[in-house]
Amino acid sequence: MDQHRALSEEIMRITHTGVAAAVTVASLGGLGFLAVSDRPHAKQAAVRKPVSPPVEVRTVTVTRTIYRTKVVHVHRHRRRAAAPSAPARVPIVAPAPAPVAA
C-alpha cells in the first residue's frame, strides 16, 4: 500500500515546467484549430471580390559587365614635432703617449 501511495504522489506531482509545457501545447492546438477551421467571413470576402485576369509580365534579363578600378589612397602620417634633443656628445679622445727613447 505504501508503494502505491508513493507512486500516486509521484504521478500527481506537477512542476512549473510541466504546467508551462501543457499551456504551450494547448495554445498551439487552439491556434491550429483556428487556422484550419472553416471561417465564413473569409469565404464571403472571397465571393464578393471580382476576379480580374492575371496581368502579363515579361521579364528581360540584362547582362552587363561593370568595370570598376579601386584606387587605394595612402595617407602618410605626419611626424610629430620632436622635443628638442640634447646636443650630441663628442667623444673625448686621450692623446697618444709619447714614444720612449731607448
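Our structure's up above, just so we're on the same page.
Residues numbered from 1 in each chain as written. Predicted model: local features only at pLDDT ≥ 70, side-chain atom pairs only at ≥ 80, totals over all residues. Heavy atoms only, no water.

### Some details on the overall build of the protein
- Within the protein one finds three helices and zero strands.
- Starting at the N terminus and ending at the C terminus, the protein contains elements arranged as α-α-α.
- In the form shown here, the protein has an accessible surface area of approximately 11,900 Å², with 62% of it arising from carbon and sulfur atoms. (Helix = DSSP H or I, 4+ residues; strand = E, 2+ residues; numbered from the N terminus. Areas by Shrake-Rupley, 256 points an atom, 1.4 Å probe, with all protein chains shown as cover.)

### Section: a nonpolar patch on the surface
- A surface patch of nonpolar side chains, amounting to about 460 Å² of accessible area, comprises Leu28, Leu31, Phe33 and Leu34.
- Here Phe33 is to be found in helix H2 (residues 16-36).
- On the basis of relative accessible area, Phe33 is assigned to the exposed category, the value being 59%. (Patch = residues over 30% accessible without salt bridge, like charges linked within 9 Å, V, L, I, M, F, W, Y side chains within 5 Å. Salt bridge = Lys/Arg side-chain N within 4 Å of Asp/Glu carboxyl O. Buried < 20%, exposed > 50% of the residue type's maximum accessible area, 1.4 Å probe, protein only.)

### Points about the pattern of salt bridges
- Considering all chains together, one arrives at one salt bridge under this definition.
- Among the ionic pairs, Arg58 bridges to Glu56, the shortest N-O distance being 3.4 Å. Each member of the pair, Arg58 together with Glu56, is exposed.

### What to know about H2
- Between its first and last C-alpha, H2 extends 30 Å over 21 residues, near the 30 Å set by a 1.5 Å rise per residue.
- The buried count for H2 comes to zero of 21 residues, which makes it a mostly uncovered element. (Expected span 1.5 Å × (residues − 1).)

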